[in-house]
Each structure stands twice: as structure tokens, then as C-alpha cells.
Amino acid sequence: MKSLETIQKTFRVFQILAKVFMILSFVWAGLSALGLLCGIVWYSGGTVVGANQELLHTLTETNGLNQLIAVLMVDTIAALTDGILLAFAYRYFKTEQAVGTPFTHEGADQIRRLGVRAIVLPLVTVILIAVVYAMFGMPQGAGSDWSNISSVSTGIVLILASIIFRYGADLEKKTAASAFPALFWRTAPSPG
């Protein structure tokens, strides 16, 4: 059972990392949204108490308010997507730690859904980012490179892991079922 202990410790580390990065993603999304609101206020001619417009331009490396709003909107969308995916991952690791093994049917289903979400949510994010860029007349290369190959690869690996975990759950169930009759026959009184 040493290997199961190693798996549990490893999953515990991933649970902690998922929680930390989830919190950081949501904080980044909040800060980006706050900057976005300030940008909208400045764009409409208002002022924000205690905020310097030039500082925000410097932090976002933009050339104008339209670009500033677009960049901050894109950052907010991307950070929210990352935070949501990390929240699902954290939930899986928390459930796995409570059960004590990754080899359960429920855990396999949960990790398969996480794999599908790891493929779909970033694709939706890229579409939303393209819409934002088009709305503000920015070229696609104006922001970061939004390649999805890593998220698709991660999703595929998670789906494959769910198949392996389901197989492990089936083996555990089969082992438990075959051990039960042997235990039952040893303890049952002999007829006579």
C-alpha cells in the first residue's frame, strides 16, 4: 500500500497547488475587472479617485483607452476561465482525498468531466477573446498568443486518466467481490 500513500501525498500537493492558483486566478480576474471599470470610467470622461490613468496605461502596455479596455477584458475572461478550471480540479482533488483512492467510478467520472472542460472552456475563451478583439478593432496578435494545444492535450490526458481510474475501480470492485465469498465460506458454520 506504499504506492497508494504516494498517490495520496501527490494528490494532496496538487490539491494545495490547485487551490493557490485558483485563488490567484480569481484575484487577477478581480483586479483586471477593476481596471476595466476604471478604463470605462476614463473612456466616458470621468475620473477615478486615487487612480492615475497613465499608471494604468503603463501597467497594461496599451496605446489608448480602447486597447486598454480590450486588454483588460481579455485578461478578465482568461483569468476567470483559469480560475473556474482550477476550481473543478480542486474539487476533484478534495473528493479524492476524502475517499482515499483515485480508483472510484465517481472520481473517474469527475476527472473525465474535468478533461472535457479543459478542452471546451479554453476554446470558448479563445472565441470570446476574438470577439473582444474584433469589437475594439484590434489585430489578433495585439494580445498574447492564445494557442489551445496545451489545454486540448491536458484534456485528452485527463480523459485517458479517467479511463485508467475507472479500470482500477473495476479491478478493486472485482477483487472485493472475489474476496467476499472466500471470507464468507471460511466463517460460515459447516452443515451438520
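Each remark here, short or long, concerns the structure printed above.
All of the points below concern the structure found in this document.

Quick notes on the rules
Residues numbered from 1 in each chain as written. Predicted model: local features only at pLDDT ≥ 70, side-chain atom pairs only at ≥ 80, totals over all residues. Heavy atoms only, no water. Phe/Tyr/Trp six-rings, centres within 6.5 Å; stacked < 30°, edge-to-face > 60°. Helix = DSSP H or I, 4+ residues; strand = E, 2+ residues; numbered from the N terminus. Buried < 20%, exposed > 50% of the residue type's maximum accessible area, 1.4 Å probe, protein only. Expected span 1.5 Å × (residues − 1). Bend = angle between axes of the 7 residues up to and from the residue. Salt bridge = Lys/Arg side-chain N within 4 Å of Asp/Glu carboxyl O.

Enumeration according to the criterion identifies six aromatic pairs in this entry. Between Phe14 and Phe93 the ring centres are 5.9 Å apart and the planes differ by 20°, which places this aromatic pair in the stacked class. In this pair, Phe14 sits in helix H1 (residues 2-43) while Phe93 sits in helix H3 (residues 65-99), placing the two residues 79 residues apart along the sequence. A residue is classified by how much of its surface remains accessible, and Phe14, at 42% relative accessible area, is partly exposed. Residue class for Phe93 comes out buried when judged on its relative accessible area of 13%. Through successive ring pairs, a cluster of aromatic residues spans Phe11, Phe14, Tyr92, Phe93, Phe103 and Phe165.

With that settled, consider H3. For H3, built from 35 residues, the straight-helix expectation of 51 Å at 1.5 Å per residue is met to within 8% by its first-to-last C-alpha distance of 51 Å. Downstream of H3 by a residue or two, Gly100 has a phi angle that is positive, lying close to 95°.

Attention now goes to helix H4 (residues 105-135). At 3.6 residues per turn, the α-helix brings residues three or four places apart onto the same side. With 31 residues, H4 should cover 45 Å at 1.5 Å per step; its first-to-last C-alpha distance of 44 Å lies within 8% of that length. Residue Arg117 marks the point of greatest curvature in H4, where the axis turns by about 25°. Looking at H4, one finds that the buried residues are Gly107, Ala108, Gln110, Ile111, Leu114, Gly115, Ala118, Pro122, Thr125, Ile129, Val132 and Tyr133. Following H4 by one or two positions, Gly137 has its phi on the positive side, about 65°.

Okay, the pattern of salt bridges next. This structure, assessed with the given rule, holds two salt bridges. Across the pair Asp109 and Arg112 runs a salt bridge whose closest N-O atoms are separated by 3.2 Å. Pair noted here: Asp109 and Arg112 are both in helix H4, with a separation of three residues, about one helical turn. The exposure class assigned to Asp109 is partly exposed, which follows from its relative accessible area of 24%. Given a relative accessible area of 35%, Arg112 falls into the partly exposed group. Among the ionic pairs, Arg166 bridges to Asp109, the shortest N-O distance being 2.0 Å. One end of the pair, Arg166, is in helix H5 (residues 149-187); the other, Asp109, is in helix H4, with 57 residues separating them in the sequence.

By themselves these figures say nothing about function.
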